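Next come the chains, spelled out residue by residue.
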Amino acid sequence: MATLSSAKRVVVKIGSALLVDRDSGSLKSDWLRSLATDVAWLRHSGIDVVLVSSGSIALGREVLGLPRGPLPLEQSQAAAAVGQIKLARAYEEVLAPHGIHTGQVLVTLEDSADRRRYLNTRATMETLISLGVTPIVNENDTIATDEIRYGDNDRLAAQVAVTCGADQLILLSDVDGFYNGNPNLDPAATRYDVIDRITPEIEAMAGDGVSGLSKGGMITKLLAARMATEAGCAMAITLGSRMNPLRALEDGATVTWFTAHDDPQAARKRWIAAMKPKGELVVDAGAETALSAGKSLLPAGVRIVRGAFGRGEPVAIVTDAGKPIGIGLTRYTSAEALQIIGRRSADIEEILGYKGRAALVHRDDMVVQ
């Protein structure tokens, strides 16, 4: 079974009910401080942490004096706009005493469906983490409409885990794992310690088939588990309402682990390798040597650009003789690439008129044959 201390990068999902008191609408400050202590423990153990947190609408609703129950879209978005400030400040205040900086990242479903936005989100998250920042991710409820929403933070958290290459996803829930029935209604319901495969029998235990249309409850957690584990990320469902829930998980609290089918990097490389190239980059001998040593492809090492492609689209990488070297996701369009090939990365801003990324194809977005 997985343990938190064995992880390299962890995504933790926190629901509104854990953060905000249902009756008063106020923040559960003591609980949040205990979570911050857990995050500090993981960070000081060398483990990257990303938090996916609900709570903005619940906090903003109270400030604006909006009624309980479902709100019209415009009021929900207004509440989110107000609540996002309070939520971000709350995380900043509890993590700062531990020497941890925070950054807010707001996303919508479109950001993962569009490859260009996906790569930009991934690059931003990697940069934040490399700078020692703990990202606080939430759905951008201020602009998202139903057709561009994830609809639940379980699947949002799974997508974030895939995007940032996490090897563990922890869903802090109102239950301590996955049961073969509803433990609130069936005293005989039993919890699974480990689930290696999400079978039709497992799906049936959640109450509905995994159609992708259901919202809320255990069904969304199975959808999240499927997304995460297929990308090489193990997932845990554990009780979040206890103090120091992450430390409790490490110390043996009840949990259900969904095992990963691979490691995140290998899963991502397979995904890239299966793509059909939209164009071709012909590289010189120096670039070929650098790529074989695990380096990124810089504009200076590219001699010829063939085909028409957009940012984030797959391109083949070949030698002058036509020997295939690999395939990768380009960070520039074909028109931009034509302007910067053979030039130093430091010249990109002068050529294109904006400060672009140093690599034409980053090593994390490349499969070398």
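Residues numbered from 1 in each chain as written. Predicted model: local features only at pLDDT ≥ 70, side-chain atom pairs only at ≥ 80, totals over all residues. Heavy atoms only, no water.

Draft legend 1. Structural context of the overall build of the chain. The secondary structure content of the chain amounts to 14 helices and 13 strands. Whereas a compact globule of 369 residues would reach a radius of gyration of roughly 21 Å, the chain reaches 22 Å, a difference of no more than 12%. If one aligns the C-alpha atoms of the chain with their principal axes, the spans along those axes are about 70 × 45 × 40 Å. Within the span of the chain, comprising 369 residues, buried residues form 49% of the whole. Taking the intrachain contacts of the chain between residues at least 6 apart in sequence as the baseline, contacts between residues at least 24 apart amount to 72%. In the structure as shown, the chain presents an accessible area of about 16700 Å², 51% of it carried by carbon and sulfur atoms. (Helix = DSSP H or I, 4+ residues; strand = E, 2+ residues; numbered from the N terminus. Rg over C-alpha atoms; globule rule 2.2 N^0.38 Å. Buried < 20%, exposed > 50% of the residue type's maximum accessible area, 1.4 Å probe, protein only. Contact = heavy atoms within 4.5 Å. Areas by Shrake-Rupley, 256 points an atom, 1.4 Å probe, with all protein chains shown as cover.)

Draft legend 2. The pairing of strand 9 (residues 279-283), seen in detail. Where burial is concerned, most of strand 9 is hidden: 4 out of the 5 residues are buried. Sheet topology places strand 9 next to strand 10 (residues 302-307); 5 bridges connect them, and they run antiparallel. Across the sheet, the residue bridging to Glu-280 is Arg-306, located in strand 10. As judged from the 4 bridges shared by strand 9 and strand 11 (residues 314-318), these two strands associate in the parallel manner. (Pairing = 2+ DSSP bridges.)

Draft legend 3. Molecular detail of helix 6 (residues 115-130). The end-to-end C-alpha distance of helix 6, which contains 16 residues, comes to 22 Å, matching closely the 22 Å that a straight helix rising 1.5 Å per residue would cover. All of the buried residues in helix 6 are Tyr-118, Leu-119, Thr-121, Arg-122, Ala-123, Met-125, Leu-128 and Ile-129. In the stretch just after helix 6, Gly-132 is the one whose phi turns positive, near 85°. (Expected span 1.5 Å × (residues − 1).)

Draft legend 4. Structural detail: the side chain of Ser-76. Relative to the assigned elements, Ser-76 resides in helix 4 (residues 73-95). Not counting residues up to four positions away in its chain, the partners in contact with Ser-76 are Ile-57 and Leu-71.

Draft legend 5. Structural view of the sheet that holds strand 9. The 5 strands are arranged 10-9-11-12-13 in an open sheet whose pairing can be described as mixed. The sheet is open, and its two borders are formed by strand 10 and strand 13 (366-368), each paired with just one other strand. Going across the sheet, the axis of each strand differs from the next one's by a mean of 20°, ignoring polarity. Sheet analysis places strand 12 (residues 324-329) next to strand 13, joined by 3 bridges and oriented antiparallel. Looking at the pairing, Ile-327 lines up with Val-367 of strand 13. Each of strand 12 and strand 13 touches helix 11 (residues 264-273); the most contacted strand, strand 12, lies at about 105° to it. Where helix 12 (residues 285-292) meets the sheet, its contacts fall on strand 9, strand 11, strand 12 and strand 13, and the angle it forms with strand 9 comes to roughly 105°. (Axes fitted to C-alpha atoms, helices over the stretch in contact; angles between N-to-C directions.)

Draft legend 6. Looking closely at the sheet that holds strand 2 (residues 48-53). Reading across the sheet, the 8 strands line up as 3-4-2-1-5-7-8-6 and stay open at both edges, with mixed pairing between neighbours. In this open sheet, the two edge strands, each paired with only one partner strand, are strand 3 (101-107) and strand 6 (194-195). Inspection of the sheet shows strand 2 paired to strand 4 (residues 133-139) by 2 bridges, in the parallel sense. Of the residues in strand 4, the one forming a bridge with Leu-51 is Ile-136.

Draft legend 7. View of the side chain of Arg-9. You can see Arg-9 is positioned in strand 1 (residues 9-14). Among the polar contacts listed, one links the side chain of Arg-9 to the side chain of Asp-48, at a separation of 3.1 Å. At 2.8 Å, the side chain of Arg-9 forms a polar contact with the side chain of Glu-126. With residues near it in sequence (within four places) discarded, Arg-9 still touches Ile-47, Asp-48, Glu-126, Ile-129, Cys-164, Gly-165, Ala-166, Asp-167 and Gln-168. (Polar contact = N/O pair within 3.5 Å; in protein donor to acceptor, adjacent residues only side chain to side chain.)

Draft legend 8. Highlighting the pattern of salt bridges. Counted according to the given criterion, the structure contains 16 salt bridges. Arg-191 is paired through a salt bridge with Asp-193; the nearest N and O atoms lie 2.8 Å apart. Judged by relative accessible area, Arg-191 falls into the partly exposed class, the value being 25%. Asp-193 gets classed as partly exposed once you look at its relative accessible area, which sits at 42%. Two residues, Arg-344 and Asp-347, come together in a salt bridge whose shortest N-O distance is 3.1 Å. Judged by its relative accessible area of 12%, Asp-347 falls in the buried class. (Salt bridge = Lys/Arg side-chain N within 4 Å of Asp/Glu carboxyl O.)

Draft legend 9. A look at the packing of helix 7 (residues 153-163) against helix 9 (residues 217-230). Their axes nearest at 8 Å, the elements helix 7 and helix 9 cross at an angle of 10°. If you check the angle between helix 7 and helix 9, you find them roughly parallel. Contacts between helix 7 and helix 9 involve Asp-154, Arg-155, Ala-158, Gln-159 and Val-162 on the former and, on the latter, Gly-217, Thr-220, Lys-221, Leu-223, Ala-224, Met-227 and Ala-228. Split by residue class, the contact of helix 7 with helix 9 holds 6 nonpolar, 3 polar and 3 charged. (Parallel < 35°, antiparallel > 145°, perpendicular 65-115°, else oblique. Nonpolar A, V, L, I, M, F, W, Y, C, P; charged D, E, K, R; others polar.)

Draft legend 10. Summary view of the nonpolar core. Grouped together as the largest cluster of nonpolar side chains are 35 residues, with contacts concentrated most on Ile-14, Leu-35, Tyr-91, Ile-170, Leu-172 and Leu-246. With 8 residues, the top contributor of residues to this core is helix 2 (residues 29-44). Aside from chain neighbours lying at most four places away, what touches Ile-14 is Leu-19, Trp-31, Leu-35, Leu-51, Val-52, Ser-53, Ser-54, Tyr-91 and Leu-172. The next biggest cluster of nonpolar side chains, apart from the first, holds 34 residues, and it includes Leu-156, Ala-158, Ala-166 and Phe-258. (Core = buried A, V, L, I, M, F, W, Y, C linked by side-chain atoms within 4.5 Å.)

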